[in-house]
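What follows is the residue order along each chain.
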Amino acid sequence: MSCVSGRSSCTSVYSLRGPGNVDPQDDTRYKLQSHGSVRDHLHPAGRRHREAHIGAAMLLLLLVAGLGAMTIVVFLFAPQIRKYAAGGVCQSTTTLQGKTVLITGANTGIGKETAMDLAVRGARVIMACRDVDKGEEAAASIRAAHPKAEVEVRELDLADTCSIRAFAQKFLSEVDHLHILINNAGVMMCPYTKTVDGFEMHVGVNHLGHFLLTYLLIGLLKRSAPARVVVVSSLAHNFGWIRFHDLHSQGSYNSGLAYCQSKLANVLFARELARRLQGTNVTVNSVHPGTVNSDLTRHSTLMMLLFTILSIFLKTPREGAQTSIYCAVAEELHSISGKHFSDCAPAFVAPQGRSEETARRLWDVSCELLGIEWN
């Protein structure tokens, strides 16, 4: 208690500073301080929210800076990047006068580029295509660029065994020799669909279709020896497994895994066929063309987008065709068979691609599915 002079009553400190006697300026300052204190201490989520915004802004800034730096690097080193991405080049000057070549899927991509190169070397090139109109357009463009090129188009649908048999029957009746067979056509990451015969599309076209075609033409290849078979596979075979219990993906389906399985089947087929053709002067090799910017990715929007963005790091169809051309013409490979190539050089084969047991089992299963006997 304190006594105020001149008065007999005493007033408490509380009554002097109580709610009714607070200085307006002090009260305002108190409220502001109290509001900030409550907001900061009673709402930590607000601080975390602000910190998250700051962190996101910093991350975005770093991302933009990184993309900018990468763009500058790509621009400065574009020639070196393109040279590295292009990979190996076939240096062979072999001419193919008097030789007959059959290439599946030759209306576009590496198939078309392979057809053009071998036609320029003097070969008669037969382009086996599902879409004859597109095939004729491709053949016309080859003739326009090289007027002396001898190219012709024939219809072949590898998703239909009746089409394959009809093609082979007509081919054998009209063509006397076959020196080079390039099993090039393929599908990649397509939605789950089946061939006319009920095979899952990847294994049906990429493997079984070519298996049957080669079987029907093998006699002509032997009679035309020395002859070569080139099977276009992929690095994707490393990630594939032959699912004998569900070869046609009826239990579960993943387009990427289905593609990998079919590419592994290509490698196994090439190795087993090479083993069976020993002593016939017909060689068989598989190839990985590289990561090629072509329309093979048309079934995957994401892949098409990535390939467009990263195109500088990918091979052009012409660059992708080099290893197929190399295996078809290189003099040093005249007796090499059962091998795998990439960038015009021997390439690694995954352990599952070297399994003789798996190769023989796949051979037997393929024959059974196609209703043929091939010993």
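Residues numbered from 1 in each chain as written. Predicted model: local features only at pLDDT ≥ 70, side-chain atom pairs only at ≥ 80, totals over all residues. Heavy atoms only, no water.

For the rest of this paragraph, the subject is the packing of aromatic side chains. Within the structure shown, the criterion is met by ten aromatic pairs. Both rings, one in Phe211 and one in Trp363, keep their centres 5.0 Å apart while their planes meet at 70 degrees; by these two values the pair is edge-to-face. In this pair, Phe211 is assigned in helix 8 (residues 201–223) and Trp363 in helix 13 (residues 356–370), connecting sequence segments 152 residues apart. The same class applies to Phe211 as to Trp363, namely buried. A centroid spacing of 6.1 Å and a plane angle of 65 degrees characterise the contact between Tyr326 and Phe341, whose relative ring orientation is edge-to-face. One end of the pair, Tyr326, is in helix 12 (residues 322–329); the other, Phe341, is in strand 9 (residues 340–342), with 15 residues separating them in the sequence. Taking relative accessible area as the criterion, Phe341 reaches 3% and is therefore assigned buried. Counting every residue linked through ring pairs, the aromatic cluster contains Phe211, Tyr215, Phe269, Trp363 and Trp374. (Phe/Tyr/Trp six-rings, centres within 6.5 Å; stacked < 30°, edge-to-face > 60°. Helix = DSSP H or I, 4+ residues; strand = E, 2+ residues; numbered from the N terminus. Buried < 20%, exposed > 50% of the residue type's maximum accessible area, 1.4 Å probe, protein only.)

A cluster of nonpolar side chains, contributed by Ile54, Met58 and Leu61, occupies part of the molecular surface with about 330 Å² of accessible area. Within the fold, Ile54 resides in helix 3 (residues 44–76). By relative accessible area, Ile54 is classed as exposed at 55%. (Patch = residues over 30% accessible without salt bridge, like charges linked within 9 Å, V, L, I, M, F, W, Y side chains within 5 Å. Areas by Shrake-Rupley, 256 points an atom, 1.4 Å probe, with all protein chains shown as cover. Salt bridge = Lys/Arg side-chain N within 4 Å of Asp/Glu carboxyl O.)

Below, the discussion takes up the sheet that holds strand 7 (residues 227–232). One open sheet accounts for eight strands, arranged 5-4-3-6-7-8-9-10; its pairing is mixed. At either end of the open sheet lies a strand with only one pairing partner, and these are strand 5 (150–155) and strand 10 (345–346). As paired elements, strand 3 (residues 100–104) and strand 4 (residues 124–129) share five bridges and run parallel to each other. Across the sheet, the residue bridging to Thr100 is Arg124, located in strand 4. Packing against the sheet, helix 6 (residues 132–145) makes contact with strand 4 and strand 5, and its axis sits at approximately 175 degrees to strand 5. Helix-sheet contacts for helix 12 involve strand 6 (180–183), strand 7, strand 8 (282–288) and strand 9, and the interaxial angle to strand 7 is about 160 degrees. (Pairing = 2+ DSSP bridges. Contact = heavy atoms within 4.5 Å. Axes fitted to C-alpha atoms, helices over the stretch in contact; angles between N-to-C directions.)

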